[in-house]
Protein chains: 2
Amino acid sequence: MPLLVVGSVALDSVETPTERRDNVLGGSAVFFSYAASYFSPVRLVGVVGEDWPAQHTELLEQRRIDTSGLQIVPGEKTFRWRGKYLPNMNDRETLEVHLNVFERFDPVLSPAQRQSRLVFLANGPPRAQLKVLDQLEAPVLTVADTMDLWINIQHSDLMTVLRRIDGLVMNDSEARLLTGDENLVRAGHKVRELGPRFVVIKKGEHGAMFFSEHETYVLPAYPTPNVVDPTGAGDSFAGGMMGYLAERGSFEPKILKEAMGYGIVVASFNVEDFSLERMRSIERQDLDQRLGEYRQMLSF
Amino acid sequence: MPLLVVGSVALDSVETPTERRDNVLGGSAVFFSYAASYFSPVRLVGVVGEDWPAQHTELLEQRRIDTSGLQIVPGEKTFRWRGKYLPNMNDRETLEVHLNVFERFDPVLSPAQRQSRLVFLANGPPRAQLKVLDQLEAPVLTVADTMDLWINIQHSDLMTVLRRIDGLVMNDSEARLLTGDENLVRAGHKVRELGPRFVVIKKGEHGAMFFSEHETYVLPAYPTPNVVDPTGAGDSFAGGMMGYLAERGSFEPKILKEAMGYGIVVASFNVEDFSLERMRSIERQDLDQRLGEYRQMLSF
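None of these values were measured; they are calculated from a predicted model.

(A) A look at the overall build of chain A. Broken down by element type, chain A carries 12 helices and 13 strands. A globule of 300 residues ought to have a C-alpha radius of gyration of about 19 Å, and chain A, at 18 Å, matches this closely. If you line up chain A on its principal axes, its C-alpha atoms span 55 × 45 × 35 Å. Looking at chain A residue by residue over its 300 residues, the buried ones come to 60%. Excluding contacts between residues fewer than 6 apart, the proportion of contacts in chain A whose partners are at least 24 apart in sequence is 64%. Of the roughly 11600 Å² that chain A leaves accessible, carbon and sulfur atoms contribute 46%. Across chain A, the 32 positively charged side chains and the 41 negatively charged ones have centroids separated by 3 Å.

Structure (structure tokens):
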């Protein structure tokens, strides 16, 4: 089933307690696309400036990612983010954000993109997410991400998004902020009552929780000893999840749970190096093998 | 197999964001014993003052907990702890600690207690833990808990304890403190290399991790929406785990993992009310039912 992602494409500069990288490939739509591409072709919609290195596009194209929706705007610069991870590697400080061309990102879908069946609205302004939803002609599964900024400054539009999507993916702190409930089990269901059929709460190194009308479950993160750079963990999780759903073409509870498992496993690889480096070094069979180990870990 | 626990017996005063209780039954050996008693008879060794209410002893005796090792010291007061949970219900502040009679706790085991095969050394000074180890005549599984205080002020004795026990149970922050490693997967194995055959790292609402030479796994907490009072969660976890091991009389990897599951499930009940209130309201079949739901949750 055709899978579409709309979101940020960025050049990231990342500092960890032991290393740093400058201007490496990043952005929510990039991590999502690459992670999803192990399972399904992906259509990426985003925007960059004229400083965008052509080899980044080639890298994505090599993996069945259709970048015809990646608009390059002359005279503009690509979105840049600089961040620093604290020693626990779970919390981070944003040191610099230059939205640049992303600030006026107004996604216009092509006729083919409008026909996408599965759609992921990566973290972005709820107003822009609504514009994408308006253009879809035959969606069967729409999932969005969001963040504290939009909960605070575009609350009403976010509420509209929640009533129109099938699934929401968000961080634990954001679920607490949105609902005012510190207990994540209650918070997850409160978010679900705002509209989405299912809600996924991401807990970073502690895994992810799933909420639907009839199901509540939590799956831990795969315990990797090699956490090098957590940037993009949440987006690669969502990419693995949605990619697997696109591959299977079914969203029944059993498949959704397997999709959560694949999301967790892809994210566990993603954090093992900077940017897309670790994901570039693996193939689908590596994901299957780690998923097997993960299942084994949880079975007793 | 006879199970022995040596540790604190206390009167706790607990404040949560919405409720408070004063001078309720608590202490590491109490939570441990009650949790273990669903699976196995337990021998409790501890000390209290003359202010100790007799009905607390009766409550424990009703559940196959042998309290003949609970020394009542005339003219002394029972250990008292007062704490306050932050809104996230995972972090807490200690407001008052009066060690009272527990300050000079010097456990002397009876001939029967010395014959115990499974022994849990609840959190306490490593020097006292060593004294208990010295008195054991036929231990087959010794497990200890510890805390940041002992890592800081009795480091050398703690190192000796680690070389003499089979298993160590500790919190995530303590594992990081002891090893200087922020990554819990690496930290767990580093602790194991200090002596114990296996290490369990407790992560509060995020579950627990297990480390042995050949195994590394993480199991999430059971997602209960009703977290009323987390006091004793770690000790009831250990009690459920050790109680099940005592019942089975085997410590092979498969049984240890089931024991982890039971520990997690008992702890999930324990946090649903103050003191032992929730555990008092359930039977073994409630644990089996929730364990079934928990297994189901982790299977995909």
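Alright, that's what it looks like, and here's the rest.
(B) Expanded view of empty space enclosed by the protein. Residue and element names in this part refer to chain A. One pass over the full model with this rule turns up 1 cavity of 30 Å³ or more. In this structure, the largest cavity encloses a volume near 90 Å³. Along its surface, the largest cavity is lined by 13 residues, and Val-6, Phe-105, Ala-122, Ala-128 and Gln-129 are the ones closest to its centre. When residues in the lining of the largest cavity are grouped by element, the largest group, 3 residues, is from helix 4 (residues 126–135).

(C) Region of interest: the sheet that holds strand 12 (residues 208–211) of chain A. Residue and element names in this part refer to chain A. Pairing within the open sheet is mixed, and its 9 strands lie in the order 5-4-1-8-9-10-11-12-13. With one partner strand each, in any of the chains shown, strand 5 (65–73) and strand 13 (216–219) form the two edges of the open sheet. Taking the axes of each pair of neighbouring strands and ignoring which way they run, one obtains an average angle of 15° across the sheet. In the sheet, strand 4 (residues 42–49) pairs with strand 5 via 7 bridges, with the strands oriented parallel. Looking at strand 5, one finds that Gly-46 is bridged to Leu-70.

Calculation criteria
Residues numbered from 1 in each chain as written. Chains lettered and ligands numbered in written order. Predicted model: local features only at pLDDT ≥ 70, side-chain atom pairs only at ≥ 80, totals over all residues. Heavy atoms only, no water. Helix = DSSP H or I, 4+ residues; strand = E, 2+ residues; numbered from the N terminus. Rg over C-alpha atoms; globule rule 2.2 N^0.38 Å. Buried < 20%, exposed > 50% of the residue type's maximum accessible area, 1.4 Å probe, protein only. Contact = heavy atoms within 4.5 Å. Areas by Shrake-Rupley, 256 points an atom, 1.4 Å probe, with all protein chains shown as cover. Lys, Arg positive; Asp, Glu negative; His and termini not counted. Charge placed at Lys NZ, Arg CZ, Asp CG, Glu CD. 1 Å grid on protein atoms, 1.4 Å probe; cavity = no way out; pocket = protein on both sides within 12 Å on 5 of 7 lines; lining within 4 Å. Points joined across faces, edges and corners; volume = space filled by probe spheres on them. Pairing = 2+ DSSP bridges. Axes fitted to C-alpha atoms, helices over the stretch in contact; angles between N-to-C directions.

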